[in-house]
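Spelled out from the first residue to the last, the chains are:
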Amino acid sequence: MAGFNATLLTYGQTGAGKTYTTFGPPAGASAYKERGLAARAIAGAFEEINRYKTVNEGGGGTPIEVRLSCIEIYNESVFDLLGFSGEDDAKDSGRDGGVPSLSLFESPTAGVQIRGLKMPLVNSAEEGLNLLFESQMNRAIAEHQLNDASSRSHCIFTFHFTVRNPENNKVTSSKFNIVDLAGSEKMVKTEAVGKVQRESNYINKSLSFLEQVVIALASKSRDHVPYRQTKLTHVLKDSLGGNCTTLMIACIWPHLSHLDQSLSTLKFAARMQTVRNKPTVNESKTNNVASVKLLRQIKNLKEELAFHDIISGRSGILYEEPDGKEMTDIKDRTEQVMMSPTSDAYLQKKQMKEMEEMEEERRARSVPRASPAMVMIDNNNYSTGRTPPAKRGAGGDGGLAELRPYLGGKDVLEKQAEFDAFKRGAGKSQAILLGQAKLQIKTKKAEIKNLTNDINYQKDRIDFLMSQLRDSSFGAGASSPGSPTSPRAGEDPAKQLKLAKKAYRSKMETLTENKEELKFLQHQRAQSFNSLIAAFDSWLKMKGEEEVVEGVEERGGGEAAADLDYDREEANDWKRGEAGGENREYADEYYNESPRANPREAAAWGQPGTIPIELIRSTAVKCH
Ligand SMILES: Nc1ncnc2c1ncn2[C@@H]1O[C@H](COP(=O)(O)OP(=O)(O)OP(=O)(O)O)[C@@H](O)[C@H]1O
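In this text, all values refer to a predicted model and were calculated from it rather than measured experimentally.

Details of the overall build of the chain
A count of helices and strands for the chain gives 19 helices and nine strands. Contacts spanning at least 24 positions in sequence make up 71% of the contacts within the chain whose residues lie at least 6 apart. For the chain, the accessible area works out to roughly 33100 Å², and carbon and sulfur atoms hold 54% of it.

Some points on the environment of Gly-116
Tracing the chain through its elements places Gly-116 in the loop between β5 (111-114) and β6 (121-122). A relative accessible area of 63% places Gly-116 in the exposed class.

Some words on the pattern of salt bridges
Enumeration according to the criterion identifies eleven salt bridges in this entry. The shortest N-O distance in the salt bridge between Glu-48 and Arg-51 comes to 2.9 Å. On the criterion of helical spacing, the pair formed by Glu-48 and Arg-51 is a turn pair, its members being three residues apart in helix α2 (residues 37-55). A residue is classified by how much of its surface remains accessible, and Arg-51, at 47% relative accessible area, is partly exposed.

So, the packing of aromatic side chains
Counting across every chain of the model gives eleven aromatic pairs. For the ring pair Phe-157 and Phe-159, a centre distance of 5.8 Å and an interplane angle of 85° mean the geometry is edge-to-face. Here the aromatic rings of Phe-422 and Phe-536 are separated by 5.5 Å at their centres, their planes lie at 50°, and the arrangement is tilted. With Phe-422 in helix α13 (residues 412-424) and Phe-536 in helix α15 (residues 493-555), the pair connects residues that are 114 residues apart, well separated along the chain. Side by side, Phe-422 and Phe-536 carry an identical accessibility label, which is buried. Linked through ring pairs, Phe-23, Phe-157, Phe-159, Phe-161 and Phe-176 together constitute an aromatic cluster. Its guanidinium or amino end placed over the ring of Tyr-32, Arg-35 lies 4.1 Å from that ring's centre, counting from NZ or CZ.

As for a positive patch on the surface
A surface patch of like charges, here positive, comprises Lys-498, Lys-501, Lys-502 and Arg-505. Counting through the fold element by element, Lys-498 comes out in helix α15. For Lys-498, a relative accessible area of 63% translates into the label exposed.

The rules behind each value
Residues numbered from 1 in each chain as written. Predicted model: local features only at pLDDT ≥ 70, side-chain atom pairs only at ≥ 80, totals over all residues. Heavy atoms only, no water. Helix = DSSP H or I, 4+ residues; strand = E, 2+ residues; numbered from the N terminus. Contact = heavy atoms within 4.5 Å. Areas by Shrake-Rupley, 256 points an atom, 1.4 Å probe, with all protein chains shown as cover. Buried < 20%, exposed > 50% of the residue type's maximum accessible area, 1.4 Å probe, protein only. Salt bridge = Lys/Arg side-chain N within 4 Å of Asp/Glu carboxyl O. Phe/Tyr/Trp six-rings, centres within 6.5 Å; stacked < 30°, edge-to-face > 60°. Lys NZ or Arg CZ within 6 Å of the ring centre and 35° of its normal. Patch = residues over 30% accessible without salt bridge, like charges linked within 9 Å, V, L, I, M, F, W, Y side chains within 5 Å. Lys, Arg positive; Asp, Glu negative; His and termini not counted. Charge placed at Lys NZ, Arg CZ, Asp CG, Glu CD.

Now the structure itself:
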């Protein structure tokens, strides 16, 4: 906020803890205590802004503007994780070669920009956290769709600060990037083939240029900085090395079998440590004269627009930014629309409630009862997440609409049974995480309730002691002797009042912290729930495809069978190890593990072609 650009990078091999450090652990035990750097940065930024606001109270308007953005770079393509409407976009994201990604351009005044990138304005830590969870949710959905691409992609979560100094009207703008880099071990995997090889090449290239750029930017004798060579360095052009603050966290996996990778990470860190930066403030060249000129121009353009609206018969269009009250009105109206009985959100909520009731009813009837970790559906989840799963299914039924093409006439009860089966099987670990998240919320709510009771007690006590001090008489009037609020015999009431006030303040602080933690846990629960639903959707789809494959084989053919022949060939290659490299490793692992893990899938290896290649891939990746 002082106007310096800054970047925080986590670097290391896959599984070493980069995502954990930047974005925190998945929902479950100690999720809040160990929340990631991004969540802490949001809280820290708003603490600072609120402090600044208090200092400058009456200065007119908020002097600090914060916007957030989040992108993912995969195979040199840039994707907006906040401009992404769910699973359909994940499929169309181009990560598998479809729709093109966002492009970069350089503006003479604002530096490197990403065309069409969403950078919502954020007014509170809570709004910031919502966006953080939304971006990570979208990353998880994309990852699920695209077979665990997260280790092979870079994720950049950025704060964009604009600070106006009310005294001299100077504007400083700065960025703070939190970067979760792709797994570095891909740099040395030379045996990889096909898709994995392509990914490795991109990662290899971007990480080595990242190092070169940082070193070149810090070198006085540099004549060329190769930041345009990769999307990662280009996006971070104005936030790396040289005049910025850069912090790298090297994540290592301290196990003997990862010694090579750990050494390689530490060597990279040691090279980066030699770089010396001299951060400078990014002060805007805007001066008062230019601002006045621009404001006049905006006014003229707005008038022109209004004139055009009148001519074309459009009315009621506002060209002003809504102020605080208007924003609240808009939010209220949006909520009303969302909760109208005809809206998707309402129908979706209703359907989830019905499913929950059915599940409860079913549980009540079934003996023995299912374990608590299996009790999943919570219709409150959608109220906390900004990306309701309804977007994934046109029917607004929490993603279950996607079942229809595969399962034809299956009704809700059957879907519910599928969901139960999923939670007991493939989705068990996610179901357990969700169960833990719900338990944590329950515990936190109980703590808040107790704390609120304590605070009320202290408040009553303070009121009583004050009235007693005013009257200069004790034990009479407001409280009967022996009531919880009466002063203890022989104690100085003024001293007691001081202590009661201190206790009150300290409990209020704890309450604020607890409330913040509760919000965080509720987000985690929503995220967990959405992940579970996303995984369920994929699982159903896979299952559906499997049934379709079996149907096609039984009927003996057509074009689809030809495609499946190709998949079968590939599967056999993997199985025989002909594909070589990582695929062979995966296939071997899969082949060795699966008879114990899943006899049905193991049997499928014996009958190639009855199992879709997506299932093989995703299972292989899971084994890995
Ligand atoms: N400090 C930690 N304490 C406890 N668990 C951790 C810690 N760091 C990582 N983990 C766990 O280790 C696993 C791998 O961590 P993580 O996903 O953060 O690795 P990564 O380096 O980001 O991998 P990738 O490159 O695949 O994204 C996760 O299950 C995570 O919860």
